[in-house]
Amino acid sequence: MAKYLIRRLDRLKEDDCTIWKLFLGKANGKTIFHNPDFLSYHKERFNEHHIGIYKGDQLLGIMPMAIITEGSKLIAKSPYGASYGGIIFPSVMSYSNSKSIVNSLIEYLKTLSVNELIITPSPEINYTLYSDTFLFVMMEAGFTVINSDVTSVVCLSDIDLEKNTFTSRARNMQKKAKKEGVTIIQNAEVNTFWDVMDKTFKRHGENPTHSKEEFKYLNSLFPDDIYCDIAALDKIPIAGIAYFKLNEHVCMSFYLCNDIDYKETQALSMLVYESILKSQRNKFKYFDFGTSSVNMVARKNIFLFKESFGAIGRFRKTFQLKIHD
């Protein structure tokens, strides 16, 4: 009999959802993206097949997952509509336990006729205690890295205004915004924030990850963890940041938006400056700016902007396993 059993978790079933949430209270490396309530904003859009790792009757790990049909293939993805996924545990797994779990997972996916498994785990900053052993075992089992993007992170313990942690460029941009009369409104109305979002994304010819209705829904579920600040000039919203509190360690700026007509005011720079200091006051360890590359192609101006505030790069890796019967 296998040491670890893989079972499906159904977030729509009360018993599964309850044990899932209880598990998250002690999980190492958890993020808001692992929360079944967060995943509910997808409604029925995906064929969800969440994974629970059990030892006997005890839940020892979870992995949010969906099975996507692409042509003739069934591809299991974690995450399937969020930034991070992967398996999380209460503590660091040993090499032998990791090997048993990975083998059990692969055998389970074979019973579902899954052809590929794609995982983007939480970066190291989201863990209380981090180990690469589980990822090593994944690679031993045949997983390969198919993407390595850089997420730009500010280590908040390093921020010291007296020692000029921010570059002169960042300090000057913040001072310019103050001189222009820019003010900050914290916990702004989503509708007001979305006015700037719409202008930003229309300029780039793109759509945001969430619709306004989806973001409102998430804000209503997690008012302390998903919210937005705006910068205003003469009461006109001209820049904004939407925050996701990933866990007790990390605050992420999920959206940065800026009205191009007011770019010279440096309102977004002032907002970022104050947001980093606020995150430090709120005892977070990291401020996660989000990715500065797309499919391993650098966005040079984005790197420059974030690095002016002391950000450094951390990999956000995506792993793929091709499963053969």
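Residues numbered from 1 in each chain as written. Predicted model: local features only at pLDDT ≥ 70, side-chain atom pairs only at ≥ 80, totals over all residues. Heavy atoms only, no water.

1. A short note on the sheet that holds strand β1 (residues 5–9)
Strand order in the open sheet made by the three strands is β1-β2-β3, with antiparallel pairing throughout. The open sheet terminates on both sides in strands that have one partner only, identified here as β1 and β3 (58–63). Taking each pair of neighbouring strands and ignoring which way they run, the sheet shows an average axis angle of 35 degrees. Sheet analysis places strand β2 (residues 50–55) next to β3, joined by five bridges and oriented antiparallel. Following the sheet pairing, Ile-53 is matched in β3 by Gly-61. Across the sheet, helix α3 (residues 95–111) touches β1, β2 and β3, and the angle it forms with β1 is around 55 degrees. (Pairing = 2+ DSSP bridges. Helix = DSSP H or I, 4+ residues; strand = E, 2+ residues; numbered from the N terminus. Axes fitted to C-alpha atoms, helices over the stretch in contact; angles between N-to-C directions. Contact = heavy atoms within 4.5 Å.)

2. Let's talk about the pattern of salt bridges
For the structure on display, the rule yields 11 salt bridges. The closest approach of N and O atoms between Lys-30 and Glu-248, which form a salt bridge, is 3.6 Å. Highlighted residues: Lys-30 in the loop between α1 (14–24) and α2 (36–39) and Glu-248 in the loop between β10 (236–245) and β11 (250–258), separated in sequence by 218 residues. On the basis of relative accessible area, Glu-248 is assigned to the partly exposed category, the value being 43%. (Salt bridge = Lys/Arg side-chain N within 4 Å of Asp/Glu carboxyl O. Buried < 20%, exposed > 50% of the residue type's maximum accessible area, 1.4 Å probe, protein only.)

3. Concerning unusual backbone geometry
For the peptide bond that leads from Ser-78 to Pro-79, omega is 10 degrees, which places it in the cis range. Assignment of secondary structure puts Pro-79 in the loop between β5 (73–78) and α3. A positive phi angle, near 50 degrees, is found at Asn-187, a position not held by glycine. Inspection of the secondary structure assignment puts Asn-187 in the loop between β8 (183–185) and α6 (190–204). On the basis of relative accessible area, Asn-187 is assigned to the exposed category, the value being 54%. Positive phi, normally seen in glycine, also occurs at Lys-235, with a value near 70 degrees. As for its position among the elements, Lys-235 is in the loop between β9 (226–233) and β10.

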